[in-house]
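# Observations on the model geometry
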Amino acid sequence: MTYDLHIHSCLSPCGDNDMTVNNIVNMAALKELDVIALTDHNSSKNCPAFMKVAEEAGIKAIPGMEINTAEEIHAVCLFPTLDAAMDFDSYVFSMLPPVKNKPEIFGDQILVDENDEPIGTIDTLIITASGVSLSELPDLMKQYGGIFFPAHVDRSANSLLAIMGGVPEDVDFPFYELYHVGLYDEIMEKHPLLKYKPWLHNSDAHYLWDIAEPDRQLDKRIEEFLRMKKIL
Ligand SMILES: [Zn+2]
Ligand SMILES: [Zn+2]
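Residues numbered from 1 in each chain as written. Chains lettered and ligands numbered in written order. Predicted model: local features only at pLDDT ≥ 70, side-chain atom pairs only at ≥ 80, totals over all residues.

## Thoughts on the overall build of the protein chain
Along the backbone of the protein chain there are 8 helices and 9 strands. Projected onto its principal axes, the C-alpha positions of the protein chain cover 45 × 40 × 30 Å. Sequence-distant contacts, at least 24 apart, represent 72% of the contacts inside the protein chain between residues at least 6 apart. (Helix = DSSP H or I, 4+ residues; strand = E, 2+ residues; numbered from the N terminus. Contact = placed C-beta atoms within 7 Å.)

## With respect to the nonpolar core
With 64 residues, the main nonpolar core has Phe50, Ala75, Cys77 and Leu78 as its most contacted residues. For this core, the element with the most residues is helix 2 (residues 47-57), which contributes 6 residues. Leave out the neighbours within four places in its chain, and alanine 75 touches Ile67, Thr69, Leu134, Leu137, Phe148, Phe149, Pro150 and Ala151. (Core = buried A, V, L, I, M, F, W, Y, C linked by C-beta atoms within 7 Å. Buried ≥ 20, exposed ≤ 12 C-beta atoms within 10 Å, placed from the backbone.)

## Points about helix 3 (residues 82-94)
One turn of an α-helix holds 3.6 residues; hence residues three or four places apart share an orientation. Under the 1.5 Å per step criterion, the end-to-end length of helix 3 is 18 Å for 13 residues, consistent within 8% with the ideal 18 Å. Every buried residue of helix 3 is listed here: Ala84, Ala85, Phe88, Asp89 and Val92. On an axial view of helix 3, the arc spanned by its buried residues comes to 140°, and they lie on one face. For helix 3, the exposed residues set more than 90 degrees away from the buried face come down to Asp83, Ser90 and Ser94. (Expected span 1.5 Å × (residues − 1). Arc of directions from axis to C-beta.)

## Notes on the environment of leucine 137
Mapped onto the elements, leucine 137 comes out in helix 5 (residues 137-144). Residue leucine 137 is classed as buried on the basis of its 23 C-beta neighbours within 10 Å. Each C-alpha atom, one on leucine 137 and one on valine 171, is 8.4 Å from the other, the two residues being 34 residues apart in sequence. The residues contacting leucine 137, other than those within four sequence positions of it, are Ala75, Val132 and Phe148.

## Overview of the sheet that holds strand 1 (residues 3-7)
Reading across the sheet, the 5 strands line up as 1-2-3-4-7 and stay open at both edges, with mixed pairing between neighbours. Two strands close off the open sheet at either side, each with one partner strand: strand 1 and strand 7 (147-150). Strand-to-strand twist of the sheet, defined as the mean angle between neighbouring strand axes without regard to direction, takes the value 25°. Relative to strand 4 (residues 74-78), strand 3 (residues 60-68) runs antiparallel, the two being bridged by 5 bridges. Pairing of glutamate 66 across the sheet is with valine 76, part of strand 4. Where helix 3 meets the sheet, its contacts fall on strand 3 and strand 4, and the angle it forms with strand 3 comes to roughly 15°. (Pairing = 2+ DSSP bridges. Axes fitted to C-alpha atoms, helices over the stretch in contact; angles between N-to-C directions.)

## Some thoughts on the pairing of strand 3
Most of strand 3 sits out of view: 8 of its 9 residues are buried. As paired elements, strand 2 (residues 35-38) and strand 3 share 4 bridges and run parallel to each other. Looking at the pairing, leucine 38 lines up with proline 63 of strand 3. In this fold, strand 2 hands off to helix 2, which returns the chain to strand 3; that crossover is right-handed. Hairpin connection of strand 3 to strand 4: 5 residues between the antiparallel strands, including glutamate 72 at a positive phi of 70°. (Right-handed = clockwise from strand over helix to strand, strands pointing away.)

## Focus on unusual backbone geometry
Look at glutamate 72: it is not a glycine, yet its phi comes out positive at around 70°. Secondary-structure assignment places glutamate 72 in the loop between strand 3 and strand 4. Although it is not a glycine, aspartate 204 sits at a positive phi angle of roughly 55°. Along the chain, aspartate 204 falls in the loop between strand 9 (199-200) and helix 8 (220-228).

See below:
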């Protein structure tokens, strides 16, 4: 399966305003990706429109979120149903500090409908660290029926390896995301625990042209795991 399981919409302040749900789905369809996920920072609020548009386009879509944990670690959460994603969205929203977005500094946080029409904005800044710690995620995912994987573990900011200094032994995760695939050997040498887990390479697209090319196949172990969790 070709895939891109880490895409931001115009709801993420750092996401381009052209990252509307139709633009994302159409670009993924154009690239003939088999499965895509919408994963805005600390929010799933554009997922209802995203799921509708993807269904009409006949492309497999997963509702998700890229949570920013209390430790400032980014992790991508994926859910089997829109309801599960929206329940988790409500919980995470309640765990955000009451900091207002300043669109002129951080960017717009635009909610859209299935026609890409803006239907509102979120006033609370959604890119801050939430009150959810990394060690709580496994239990929370059990509770909400989702799964999570650490995002871009090799990046110097907001990543598991940069912030924890290594792979924590007390937090289990089924697979992880690499951003700089060329660094694989170097990372495995430093963090041999990761060798035993499958990984994936998403785009983390904030602009339409960043959406993944259909040149990556989802690791069979990840595909099976997602099917078992009814996410695929
Ligand atoms: Zn991130
Ligand atoms: Zn991201």
